Amino acid sequence: MELAVLDATLLYPPTPRKVNAMTIPRDGLAVLGPALAFALLMSDYVSNSQAQIKPEAFHRTIDGSQVDVYMLKNANGLEATITNYGGIVVSLMVPDKNGKPGDVVLGYDTLNDYIGSTPYFGCLVGRYGNRIAKGRFTIDGVVYQLAQNNLGNALHGGLKGFDKVVWQAEKVDGSDGPALKLTYTSKDGEEDYPGTLRCTVTYTLTNKNELKIEYAAETDKPTFVNLTHHSYFNLKDGGASDILGHELVIKASRFTPVDKGLIPTGELRSVAGTPFDFNKPTAIGVRLASEDEQMQFGTGYDHNWVLDRQGKDLELVASVYEPTSGRFMEVLTTEPGLQFYCGNFLNGTNKGKGGTVYQHRTGLCLETQHFPDSPNHPDFPSTELKPGEKYTQTTVYRFSAK
Ligand code: GLA
């Protein structure tokens, strides 16, 4: 079983090294341009520390569709491994301030582990990311009842959301880096949502060191759509230790307070003077013990921020800096909201990659999306999609080190 490598120049595993169909011996590096030499060294380094993702552990047929794992590798040696089961980002190798690559997302070594039980590690979420109160909404006077899979509410698309389906995968040579195009058609009535929804999600690992996610969807009946991505990031060590020292910025003056079931009350509350103000870089851990009622309801941060946006284009909305590794991640999106979840439900029951046991708050999610329960809040930005309209959303996770 071979791993599909979506890369213009380098093969996996990286020996012999091939660049534009030439094989270059290591001592030939001296005569290469510094950038190319760096890329070659990095590719070797990254692939060695990537060895735990075994393609055969993902190669399987589910409901007649082929599941595999695909590797994107950009010109600077960054690597992302993605499976078309749930569109899950299995690993993401990013250099630290010393140039040493490390995996920055939580996940599992095998497809079976993901099928067994996962707190949405690295997946695509749909049709509706986040919660819908009582799993109920109305369109054109018709009441739709969804599965109530989270404290009487609907969460993350239902019992078998987009995180648990097989997407068709196609390798694409994007102009800004290697890409994987995933498509999935959700049938009319699937998970009790109306309308046939044709979805495309393209992951690109750009040569600017970004994981870019572009979503598109079309329907044949009015429906609700809110797609997002659920990677748990840990820029320090991929989940071996907690994320409390990560310094977060969210460009938002308001957030949507919730009830005990994490359903928005409808209020857009100012973050000023609360633990929800991340307009200046603040370590995630410093205000977690706050007695703010919202922190009690969320058992920590598990809320949607109302982003301060200039317009509807792709915009920088958040960043995370991890001081020991120096890794820095910026989040750009076209979406109006950002769910920041700090891994409150991780409790040591998930044994992940390389045997790492993910303890409490060892990963953080920055889920770009529309607000939770928008179908029941007409004053929130609308998530309704009608026939003839095109749903689009773009989100970029951009990496560097300092
Ligand atoms: C989202 C939710 C959290 C939790 C996680 C998955 O981020 O907001 O409450 O359900 O997904 O565990």
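Criteria and cut-off values
- Residues numbered from 1 in each chain as written.
- Predicted model: local features only at pLDDT ≥ 70, side-chain atom pairs only at ≥ 80, totals over all residues.
- Heavy atoms only, no water.
- Salt bridge = Lys/Arg side-chain N within 4 Å of Asp/Glu carboxyl O.
- Buried < 20%, exposed > 50% of the residue type's maximum accessible area, 1.4 Å probe, protein only.
- Near = heavy atom within 4 Å.
- Polar contact = N/O pair within 3.5 Å; in protein donor to acceptor, adjacent residues only side chain to side chain.
- Areas by Shrake-Rupley, 256 points an atom, 1.4 Å probe, with all protein chains shown as cover.
- 1 Å grid on protein atoms, 1.4 Å probe; cavity = no way out; pocket = protein on both sides within 12 Å on 5 of 7 lines; lining within 4 Å.
- Sits in = over half its atoms within 2 Å of the grid points.
- Nonpolar A, V, L, I, M, F, W, Y, C, P; charged D, E, K, R; others polar.
- Points joined across faces, edges and corners; volume = space filled by probe spheres on them.
- Helix = DSSP H or I, 4+ residues; strand = E, 2+ residues; numbered from the N terminus.

Novice: I would appreciate a short explanation of the pattern of salt bridges in the present structure.
Specialist: For the structure on display, the rule yields 10 salt bridges. One salt bridge in this structure joins Glu79 and Lys73, with 3.6 Å as the shortest N-O distance. We note that Glu79, like Lys73, is buried. The shortest N-O distance in the salt bridge between Arg269 and Glu267 comes to 3.0 Å. On the accessibility criterion, Arg269 (31% relative accessible area) is partly exposed. The structure contains a network of salt bridges with shared partners spanning Glu210, Glu330 and Arg398.

Novice: I keep staring at the site of the ligand and nothing clicks. Help me out?
Specialist: Taken together, 13 residues form the shell around the ligand, and within it Arg131, His156, His230, Asp302 and Glu367 come nearest. Between the ligand and His230 there is a distance of 2.9 Å, counted from an oxygen atom to a side-chain nitrogen or oxygen. In the environment of the ligand, an oxygen atom lies 2.4 Å from a nitrogen or oxygen atom belonging to the side chain of Asp302. Burial of the ligand by the protein amounts to 95% of the accessible area it has alone, namely 300 Å². Most atoms of the ligand, that is more than half of them, are within 2 Å of grid points of the largest pocket. Split into classes, the residues belonging to the shell around the ligand amount to 7 nonpolar, 3 polar and 3 charged.

Novice: Before we go on, may I ask you to explain the layout of surface pockets in this structure?
Specialist: It is the rolling of a water-molecule-sized probe over the atoms that shows where space remains empty. When its volume is computed, the largest pocket comes out at roughly 420 Å³. Lining the largest pocket are 27 residues, with Tyr120, Arg131, Asn150, Leu155 and Phe345 sitting closest to its centre. Of all the secondary structure elements, the ones that give two or more residues to the lining of the largest pocket are helix H2 (111-116), helix H3 (293-298) and strand E28 (337-341). By residue class, the composition of the lining of the largest pocket is 12 nonpolar, 11 polar and 4 charged. The space that makes up the second largest pocket amounts to roughly 340 Å³. Glu335, Pro336, His370, Ser382 and Thr392 are, among the 16 residues lining the second largest pocket, the residues nearest its centre. Contributing elements (two or more residues each) for the lining of the second largest pocket: strand E32 (384-385) and strand E33 (391-401). Across the lining of the second largest pocket, the residue classes tally to 5 nonpolar, 6 polar and 5 charged.

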